[in-house]
Amino acid sequence: MFFLLILLGLGVSLVMGLFGPIGADSYVYMGCWAAAWAVAILLVLFFPKNLDMRTTVWIILIAGLLFRVAMLPAPESDDVYRYLWEGEVSAQGYSPYELAPDDPALEHLRDETIWPGINHPDQTACYPPLMTLLFTVVSLVWYSPMAIKIIMLLADMGTLGLLLWVLARKRQPLRYAWLYAACPLLLTAMAGQGHLDALQNLLLTATLAAWLAQRPKLMFLMLGLAVQAKYVAILALPFVIDRRTIAHSWVFGLAVILPFGPFYQDGVFRSLFHFGSAMAFNGSLHWLLRGITGSIQVGAAICGVLFVAVYTWGVVNLHPAKERSADPALGMLFSLTALILLSPTVHFWYLSWFVPFFIVRRAWAWLVPLLTIALSLQAVHVQFHTGVWDMSPLLGLAEWLPVWLALAWSAKFAMGRLRSSIPVTEAITGKGGVSVIVPTLNEGSEISECVHAIRKDPVVVEVIVVDGGSTDLTRELASQAGCAVFEHTAPIGQGGGRGGQIAEGIDAAQWDVVAVVHADCRPHPRAFSSIVEHLRLNPDCVGGVAGSGFTGKNFSTALVAKANDLRAWLFGIGFGDQIQFARRDAALAHQLMARIPLMEDVEFSLRMAKIGKSDMLWQDNAVSNRSWLKKPLGRAGLILGLFFSYLLRRARGKVDTSAMFARYYSTKPENSSGA
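This structure is a prediction, so every number in the text was calculated from the model and none was measured.

### Things to note about the overall build of the chain
Then, number 1: If you tally the helices and strands in the chain, you get 30 helices and 10 strands.
Then, number 2: Radius of gyration (C-alpha) of the chain: 28 Å, near the 26 Å computed for a compact globule of 675 residues.
Then, number 3: Along the longest, intermediate and shortest principal axes, the C-alpha atoms of the chain span 95 × 55 × 50 Å.
Then, number 4: Looking at the chain residue by residue over its 675 residues, the buried ones come to 59%.

### Side note on the packing of aromatic side chains
Then, number 1: Per the stated rule, a full pass over the model turns up 28 aromatic pairs.
Then, number 2: Pairing F348 with W349 gives two aromatic rings, centres 5.3 Å apart and planes at 80 degrees, and the pair type is edge-to-face. Like F348, the residue W349 is buried in the burial classification.

### Digging into the sheet that holds strand β5 (residues 521–522)
Then, number 1: The sheet built from three strands is open, its strands ordered β5-β10-β7 with mixed pairing. Bordering the open sheet on either side are β5 and β7 (549–550), each of which pairs with just one other strand.
Then, number 2: Bridge count for β5 against strand β10 (residues 622–623) is two bridges, and the pairing is antiparallel. The partner of R522 across the bridge, within β10, is A622.

### Points about the packing of helix α5 (residues 129–141) against helix α10 (residues 216–229)
Then, number 1: Relative to each other, α5 and α10 sit at 75 degrees, their axes nearing to 6 Å. Classified by the interaxial angle, the pair formed by α5 and α10 is roughly perpendicular. Each of P129, L130 and M131 in α5 lies in contact with α10, whose residues at this interface are L225, Q228 and A229.
Then, number 2: When the residues that make up the contact of α5 with α10 are grouped by side-chain class, the tally is five nonpolar, one polar and no charged.

### Topic: the environment of G543
Then, number 1: You can see G543 is positioned in strand β6 (residues 541–545).
Then, number 2: Residue G543 is classed as buried on the basis of its relative accessible area, which comes to 0%.
Then, number 3: Residues G543 and S605 lie 62 residues apart in sequence; the distance between their C-alpha atoms is 8.9 Å.
Then, number 4: If we skip the residues at most four places from it in the chain, G543 touches L535, F581, A582, M608, K613, S614 and D615.

### Topic: the pairing of strand β3 (residues 484–487)
It is a general feature of regular strands that their side chains alternate between the two faces of the sheet.
Then, number 1: Here four bridges tie strand β2 (residues 460–467) to β3, and the two strands are oriented parallel to one another. Across the sheet, the residue bridging to I464 is A484, located in β3.
Then, number 2: Taking the sense of rotation as the criterion, the β-α-β connection linking β2, helix α23 (residues 474–480) and β3 turns out right-handed.

### Here's the deal with the side chain of T205
Then, number 1: Turning to its location among the elements, T205 is positioned in helix α9 (residues 197–212).
Then, number 2: We classify T205 as buried; its relative accessible area is 1%.
Then, number 3: Ignoring anything within four residues of it in the chain, the contact list for T205 reads T159, L162, L163, P356 and F357.

### Regarding the packing of helix α3 (residues 53–71) against helix α6 (residues 145–169)
Then, number 1: Closest axis-to-axis distance for the α3/α6 pair is 10 Å, and the angle between their directions is 155 degrees. In this view, α3 runs roughly antiparallel relative to α6, as classed from their interaxial angle. The crossing of α3 and α6 is right-handed. In this structure, α3 contributes M53, V57, I60, L61, G64, L65, R68, V69 and M71 to the contact, and α6 contributes K149, L153, D156, M157, L160, G161, L164 and A168.
Then, number 2: Here the residues of the contact of α3 with α6 sort into 12 nonpolar, two polar and three charged.

### Structural notes on the pattern of salt bridges
Then, number 1: Counted according to the given criterion, the structure contains 19 salt bridges.
Then, number 2: E600 serves as the salt-bridge partner of R498, at 3.0 Å between the closest nitrogen and oxygen. You can see R498 sitting in helix α24 (residues 498–508) and its partner E600 sitting in helix α28 (residues 600–611), a full 102 residues away along the chain.
Then, number 3: Given the relative accessible area of 7%, R498 is considered buried.

Here is what the cut-offs are and how they apply
Residues numbered from 1 in each chain as written. Predicted model: local features only at pLDDT ≥ 70, side-chain atom pairs only at ≥ 80, totals over all residues. Heavy atoms only, no water. Helix = DSSP H or I, 4+ residues; strand = E, 2+ residues; numbered from the N terminus. Rg over C-alpha atoms; globule rule 2.2 N^0.38 Å. Buried < 20%, exposed > 50% of the residue type's maximum accessible area, 1.4 Å probe, protein only. Phe/Tyr/Trp six-rings, centres within 6.5 Å; stacked < 30°, edge-to-face > 60°. Pairing = 2+ DSSP bridges. Axes fitted to C-alpha atoms, helices over the stretch in contact; angles between N-to-C directions. Parallel < 35°, antiparallel > 145°, perpendicular 65-115°, else oblique. Contact = heavy atoms within 4.5 Å. Nonpolar A, V, L, I, M, F, W, Y, C, P; charged D, E, K, R; others polar. Right-handed = clockwise from strand over helix to strand, strands pointing away. Left-handed = near helix turned anticlockwise from the far one by under 90°. Salt bridge = Lys/Arg side-chain N within 4 Å of Asp/Glu carboxyl O.

Purely spatial values, then, with no claim about function.
In structure tokens:
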């Protein structure tokens, strides 16, 4: 299945590369865009869980390269003609910041290939000087659009490689890099159209990598070069300056200033200001302000004021010095997104700026604009066929309204998290062990083997078995296995059931990380070590799920396992058989585990989402398929019905988990407390 998905992704890339957004009907290309995103998401979902890091890296890099090579035949952007033209102008001893392409003094440089495709020939260059120097070298070596596209392809691949390093450094699943490797926006914008934003993305990702590697001089050098790739990269500067790094910030100044040397007398910023204030296209808010005020300039000014206010808030609240921020990625994601949302002009490739940081942070509201921005491709198609650069206002509304709704929903949770007081470092730097809680009811046949599997991981310090009133030897066997054994037999509806058992276990736990394991689960030997490492390197993460897979080869259980993975990944809602975990202090302070008999795992996830970030670790911990041997589809339907019923009733404030418990367990064998 996985390799079929790679072939499908390659096929979609070939179609997109052969036609490009201007060579086929725009809606056909949008369909390819959606298909490519579906492939990217499925690659994350179906990527094997048991591959070593080296194999994983090579598979993702090779597939990412193949996808990009397939896009090379796509028609290049007209920006590429400007890159080459300005490089040629500079190579001939003229300044592209002083002379616009249509200046009579440059008439002798006009050719039949590059010159006719130049956009805005009445405007001088607006790119930073370092890019002009790069274009000059390209024009001297290979005066061809393909040269630019290959450079941007290699830069994009460099970003993918750095992103894999960052994910590994932060002990995050490398499979998330598929969202970059197969991203249709990146495939179209970089290898397909040749936009220089690939260089900015590479250098900004290198900035983040250098921050994580604690190499401040290299970090400031990369950020300075990123600003010389595209000026918007300067927004990242406040997020990388702190008491540890400020002494090295002079490197940033040199990297930014020195390339201006050859052009110090020219109007380097003249066209930049013109494009920023006098032109507008596809701005998510600007189009409304322009309609109200009747002026592009007034609308741009209002957007500018709003951006300054939003950006200032981000610098104050999202700086890595804040207890809750693990690194500058959150600040970079926020600031670049704010600029895009409040800019008068938003071309689809602008969204590539935040893609690396979206993947590191995985704030899923940011996936919405990466999907809907495809609607703006209609303007590219229309311009190619009619010469008019425009798009339907209704199409613009369909593009941006879902984005604002998704971000508003995300902001609601984010503000709640900022207000909560979650300890984010003590759980790992203090008593950095794991307390594993196992709720049981008549699990005598499972408990010994379960505890043995748990104790294979040296980071587990204590195993707490909380029994719900077993009539077999569960408690005795647990005690013999060295567990702390508690009994919790409160009636259903009065704090009894599995939620009450787990809550009792969390109260009794002595160590800083708590994990819930069902008796029929066999954790991987390093499952809990991976949890501790993840929490240590991601201090803004409160908890999450480790992941699981069913024993035995069965299509129905395999399908259920993938559905569980998808739900936990995209929506942050874990089930108990996926090994839920949390920082103990946060679990106690915010009562994450509800004392309810059913859906306690869902409630745990929903409460966690209100106070902090949760992650899915994609482990392959083995869970018995005993409950799925008979009528698996009927059981899946029952669980889904109860799940959605719970969410709906919870939203209305009317949940009777006792009735749900009775309905669920009337279909299950008695010894299913741990299932």
